[in-house]
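Reading the structure
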Amino acid sequence: MSFDSSSLRHRAYDTLVVGGGFAGSVLAERLASQLGQRVLVIDRRDHIGGNAFDFHDEAGVLVHRYGPHIFHTNAPKVVEYLSQFTDWRPYEHRVLAQVDGKLLPIPINLTTINELYGLDLDSAGAAEFLAERATPGLEIKSSRDVVISQVGEDLYRKFFEGYTRKQWGIDASQLDKAVTARVPTRTTTDDRYFQDKFQMMPAEGYTRMFERMIAHPNIDFLPSVDFAEVRERVAYSHLVYTGPVDEYFGHCYGKLPYRSLRFEHRSFDQPHYQPVAVVNYPSPNVPWTRITEYKHLTGQVCAKTSITHEYPSAEGDPYYPIPTPENAELYRRYEALAEATPAVTFTGRLGTYRYYNMDQVVAQSLAVFARMAERSRSSEGQTRGESSSDSGWRVAA
Ligand code: FAD
Ligand code: UDP
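The next thing to look at is the overall build of the chain. What the chain contains, in helices and strands, is 12 helices and 17 strands. Against the 2.2 N^0.38 benchmark of 21 Å for 397 residues, the chain shows a C-alpha radius of gyration of 23 Å, consistent with a compact globule. Taking the principal axes of its C-alpha atoms as reference, the chain extends roughly 75 × 50 × 35 Å. Looking at the chain as a whole, 54% of its 397 residues are labelled buried. Pairs at least 24 residues apart make up 73% of the contacts formed inside the chain by residues separated by at least 6 positions. On the chain, the mean spot of the 43 positive side-chain charges and the mean spot of the 50 negative ones are 2 Å from each other.

Rendered as structure tokens:
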């Protein structure tokens, strides 16, 4: 990493944004286009887009460097906002899980139950089948309880227990109920992974969308630069921080745990590898959690295909906040520190330690922007006539 200040177009910035993922890019775009601010976005990675970064690999296939990213939301305002920067390709995600040597729909649905147990139930029959196995009246405290209460022990063990242990490094009984609640059981044949109103992929990929977001003339973007390198060397009035909140505060209360992944990318000289975009491997005997084949997501037509195996790991980049009661408690201490640090705005999945999807991060940053714009309007009222660029630059500590 190297920081070369000669590539900066301005002597000073209104806002320095640390992190060029959804959280940082949305705020940078809003601050520049709506408030006329001069914004510097930096990222320690060598690209924009954060975890949603995609690129054409050596086989010419559009792949996601950090695992499959499927856009889905119920928020029209998020769609409306992002649609300024991309067209969309309709895409409904479907996932199969390899269980007992079969490829079966997950979330568990009518087809899963019939094919797994060799039955021919209808929806009412499947509901009865599950009710006989589920644990009624269970107080739902953990991710294990969520599944057991709906489908019982056998389906839990086959589809959730191993996957969850691999993915998180802990048992589902230790995880917040919201984690497995992301994958609800159905007694219909609906085999879509998500049920959101809007389900689609950016037509030219995520990176192209991000490039358009930060193309504003008031925005500079510096890749391959860590905040530590610039914090004393760039002048800015306000800081937006989308990296890990505990890292910003020097881990003063101890490290917030994150789960990481190792991605193994491979290409094949054949048009397809598997029947759907994602196949999950819940078995504890298989070291990866899932395999993604990108062409199903993007609709790209080409002679070759590329896939990614995901291997969960304790070491590496922080991809997932780990939702346990102890971690939530530790985060609350950092949150209190963040609230007592008004010169810095914390947002995003790492900045607020939340297991957020992309659309939730966009909505969060739009809400954060609305509050910043409100504050800016009220302080403008107080110092009318004084432009922000005249207002006493300092390098934030
Ligand atoms: P990030 O994308 O993590 O961006 C933060 C950026 O800050 C990073 O690029 C990082 O390099 C940079 N940074 C951190 N610290 C510093 C520093 N000190 N100096 C400089 N730069 C720094 N969501 C969905 O909606 N659908 C999906 O299908 C989906 N699939 C996912 C699959 C995987 C494997 C993962 C890990 C996540 C998935 N998500 C999905 C979630 C999605 O990735 C996040 O919601 C979103 O990318 C979060 O955006 P962000 O800007 O908060 O964080
Ligand atoms: N899960 C599981 N088996 C599956 C799919 C999901 O046990 O086949 C559990 C697992 O704990 C996982 C969680 O449900 O972490 C949420 O799944 P999701 O697909 O939403 O995870 P993400 O895409 O965020 O990694």
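Close contacts around ligand 2 come from 16 residues, with T164, R182, Y193, Y320 and Y355 the closest. Between ligand 2 and F160 there is a distance of 3.3 Å, counted from an oxygen atom to a backbone nitrogen or oxygen. Contacts to ligand 2 include W168, whose side-chain N or O atom sits 2.9 Å from an oxygen atom. Protein chains shield 94% of the accessible area of ligand 2, which is 520 Å² for the free molecule.

Now for the side chain of Q274. Inspection of the secondary structure assignment puts Q274 in the loop between strand 12 (258–268) and strand 13 (278–280). Among the residues examined, Q274 registers a relative accessible area of 8% and is labelled buried. Within the structure, Q274 has its side chain in polar contact with the backbone oxygen of V276 (distance 3.1 Å). Beyond its immediate chain neighbours, meaning those up to four positions away, Q274 contacts V279, I291, T292, E293 and H296.

To continue, consider the environment of L297. Mapped onto the secondary structure, L297 falls in helix 9 (residues 295–298). Spatially, the C-alpha atoms of L297 and G254 are 39 Å apart, while their sequence positions differ by 43 residues. Setting aside residues up to four positions removed in sequence, L297 forms contacts with H64, P68, I70, R89, Y91, H93, M201, A277 and T292.

Turning to the site of ligand 1, a few remarks are in order. Surveying the vicinity of ligand 1 reveals 34 residues, the closest of which are D43, H69, I70, Y356 and M358. P68 places a polar main-chain atom, nitrogen or oxygen, 2.9 Å from a nitrogen atom of ligand 1. The side chain of H69 places a nitrogen or oxygen atom 2.7 Å from an oxygen atom of ligand 1. For ligand 1, the accessible surface in isolation is 1,000 Å², of which the surrounding protein chains cover 96%.

On to the packing of aromatic side chains. Taken as a whole, this structure holds 27 aromatic pairs when the rule is applied. Here the aromatic rings of Y81 and F85 are separated by 5.4 Å at their centres, their planes lie at 65°, and the arrangement is edge-to-face. In this structure Y81 comes out as buried when scored by relative accessible area, which is 5%. Look at F85 and you get buried, because its relative accessible area is 8%. Just above the ring of Y311 sits the side chain of R262; from NZ or CZ to the centre is 4.2 Å. Cation over ring: R333 sits above Y253, and NZ or CZ is 4.1 Å from the ring centre.

About the thresholds
- Residues numbered from 1 in each chain as written.
- Chains lettered and ligands numbered in written order.
- Predicted model: local features only at pLDDT ≥ 70, side-chain atom pairs only at ≥ 80, totals over all residues.
- Heavy atoms only, no water.
- Helix = DSSP H or I, 4+ residues; strand = E, 2+ residues; numbered from the N terminus.
- Rg over C-alpha atoms; globule rule 2.2 N^0.38 Å.
- Buried < 20%, exposed > 50% of the residue type's maximum accessible area, 1.4 Å probe, protein only.
- Contact = heavy atoms within 4.5 Å.
- Lys, Arg positive; Asp, Glu negative; His and termini not counted.
- Charge placed at Lys NZ, Arg CZ, Asp CG, Glu CD.
- Near = heavy atom within 4 Å.
- Polar contact = N/O pair within 3.5 Å; in protein donor to acceptor, adjacent residues only side chain to side chain.
- Areas by Shrake-Rupley, 256 points an atom, 1.4 Å probe, with all protein chains shown as cover.
- Phe/Tyr/Trp six-rings, centres within 6.5 Å; stacked < 30°, edge-to-face > 60°.
- Lys NZ or Arg CZ within 6 Å of the ring centre and 35° of its normal.

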